[in-house]
Amino acid sequence: MQRYFYPPGDLQKQKTFTTSRAIFTESYMVMPASVMRDIVTSSLPFWQKSRFWILARPLSGFAETFSQYIAEIETGGGSKKPEVDRRAESAIFIVDGRIEIVLQGKTHVLEEGGFAYIPPNADWQVKNSSSSLARFHWIRKAYEKVEGLGTPQAIFTTDEATVPALMPGYESVWMTTRFMDMADLRHDMNVAIVTFMPGGRIPFTETHVMEHGLYVLQGQGVYRLNNTWIEVAEGDFMWLRAFCPQACYAGGSEPFRYLLYKDINRHAHLWKS
């Protein structure tokens, strides 16, 4: 059974220790679920009855290509102008409840496990017409247009409806649910759910140019970040800059699943504009 963790909010009890697994280094950051509390949420322009945990934003000298939020919308909340930057493309993944996305006048209903890709320069709205809270991840990136390539089309699908890609030689323990076609060069980012069954692992230390945001949706595992092995569990967020060495293996008795962002399909920038 698939589960999708979301921040508990609230505040910890007064006698709780202030120490945690939170860490920020020159090459990675770990934001454990325990620090995602009410007092660190943000409000955003043109959103009603909504709040956001901002997990990542571009930082000079660190990860520079994306921002990632967890949104929580009350009944009747949402936005008629969710995005203020016309260059921005968005990926949305629902972890709890139900929302409606109105894109170019057409309404799309997304429930738990639902995914949407919104291209740049799109006119869209978000609303929660249900009787309970809705929670979702919102990944934003300034789209890198390439002359001769068109803009990607919108995507609406679900975790359940997307056939996972099985990793050769690890078919029974390692799979990736890719919501976008990475071979379509119009796309400059990929958002996917990576699943490791108990005993599954990345069998080498990945060291590559892609930046990552990784939010653990279910289970627990041990992740190598640069030179350190760190235990992570559902609700933890990891933010990796380019070339940070990484590997992992699943722990516990259930699947270890995380939502993954990475930048793809573009030349390296040779100068700052």
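Calculation rules
Residues numbered from 1 in each chain as written. Predicted model: local features only at pLDDT ≥ 70, side-chain atom pairs only at ≥ 80, totals over all residues. Heavy atoms only, no water. Pairing = 2+ DSSP bridges. Helix = DSSP H or I, 4+ residues; strand = E, 2+ residues; numbered from the N terminus. Buried < 20%, exposed > 50% of the residue type's maximum accessible area, 1.4 Å probe, protein only. Phe/Tyr/Trp six-rings, centres within 6.5 Å; stacked < 30°, edge-to-face > 60°. Lys NZ or Arg CZ within 6 Å of the ring centre and 35° of its normal. Salt bridge = Lys/Arg side-chain N within 4 Å of Asp/Glu carboxyl O. Contact = heavy atoms within 4.5 Å. Core = buried A, V, L, I, M, F, W, Y, C linked by side-chain atoms within 4.5 Å.

Visitor: How would you summarise the sheet that holds strand β2 (residues 28-31) if you had to cite specific residues and measurements?
Guide: Hydrogen bonds between backbone atoms are what pair the strands of a sheet, whose relative direction is either parallel or antiparallel. Pairing is antiparallel in the open sheet, where eight strands are placed in the order β1-β2-β18-β15-β20-β14-β13-β12. Strand pairing shows two members of the sheet lacking a second neighbour, β1 (23-24) and β12 (165-166), which therefore form its edges. With five bridges connecting them, strand β13 (residues 174-178) and strand β14 (residues 189-196) associate as antiparallel partners. Within the sheet, the bridge partner assigned to tryptophan 174 lies in β14 and is phenylalanine 196.

Visitor: Can you tell me about the pairing of strand β5 (residues 88-96), naming the residues and giving the values?
Guide: Of all the nine residues making up β5, nine are buried; the element is thus mostly covered by neighbouring parts of the structure. Both β5 and strand β10 (residues 134-142) contribute to a ladder of eight bridges, which runs antiparallel. Along β10, the bridge assignment pairs isoleucine 92 with tryptophan 138. Pairing geometry for β5 and strand β8 (residues 114-118), over four bridges, is antiparallel. Residue pairing for β8: serine 90 is matched across the bridge by isoleucine 118.

Visitor: Can you break down the packing of aromatic side chains residue by residue, with the values?
Guide: Tallied over the full model, the rule gives 18 aromatic pairs. Ring centres of tyrosine 4 and phenylalanine 93 lie 5.2 Å apart, and the angle between their planes is 80°; on these two criteria the pair is classed as edge-to-face. Taken as a pair, tyrosine 4 in the segment before β1 and phenylalanine 93 in strand β5 lie far apart in primary sequence, 89 residues in all. Ring centres 5.9 Å apart and planes at 75° place the aromatic pair tyrosine 170 and tryptophan 174 in the edge-to-face group. Residue tyrosine 170 is classed as partly exposed on the basis of its relative accessible area of 25%. Using a relative accessible area of 9% as the deciding quantity, one classes tryptophan 174 as buried. Directly above the ring of tryptophan 138 sits arginine 140, whose terminal nitrogen or CZ lies 5.8 Å from the centroid.

Visitor: Before we move on, could you go through the pattern of salt bridges and cite the residues and values that matter?
Guide: Counted by the stated rule, this structure contains 15 salt bridges. Among the salt bridges present, the one from aspartate 123 reaches arginine 86, with a minimum N-O distance of 3.0 Å. Here aspartate 123 is found in the loop between β8 and β9 (124-127), whereas its partner arginine 86 is found in the loop between β4 (67-79) and β5, with 37 residues between them in sequence. Residue arginine 86 is classed as partly exposed on the basis of its relative accessible area of 42%. Put simply, glutamate 144 and lysine 141 hold a salt bridge, and the shortest N to O gap is 3.2 Å. Classification of glutamate 144 by relative accessible area gives partly exposed; the value is 23%. Linked by salt bridges that have partners in common, Asp38, Arg51, Glu72, Asp96 and Arg135 make up one network.

Visitor: Just give me the short version of the environment of alanine 142, but keep the residues and values in it.
Guide: Mapped onto the secondary structure, alanine 142 falls in strand β10. You can call alanine 142 partly exposed: its relative accessible area is 39%. Sequence spacing of alanine 142 and methionine 210 is 68 residues, and the spatial spacing of their C-alpha atoms is 15 Å. Non-local contacts of alanine 142, meaning those with residues more than four positions away in its chain, are made with Thr65, Arg87, Ala88 and Asp188.

Visitor: Describe unusual backbone geometry, with residues and values.
Guide: The backbone of glutamine 104 sits at a positive phi, close to 50°, despite the residue not being glycine. Within the element layout of this structure, glutamine 104 appears in the loop between β6 (98-103) and β7 (106-111). Look at phenylalanine 243: it is not a glycine, yet its phi comes out positive at around 70°. With respect to the helices and strands, the residue phenylalanine 243 is situated in the loop between β18 (237-240) and β19 (246-251).

Visitor: Which residues make up the nonpolar core, and what values go with them?
Guide: Core analysis: the biggest nonpolar cluster contains 29 residues, and Phe93, Phe115 and Phe237 have the highest contact counts within it. Looking at this core, the elements that each hand over two or more residues are β2, β3 (47-56), β5, β8, β14, β15 (212-218), β18 and β20 (256-263). Discounting residues that sit within four places of it in the chain, phenylalanine 115 has contacts with Ala91, Ile92, Phe93, Leu110, Ile155, Phe156, Thr157, Thr158, Phe179, Met180 and Val191. Grouped together as the second largest cluster of nonpolar side chains are 20 residues, Met238, Cys244, Cys248 and Ala250 included.

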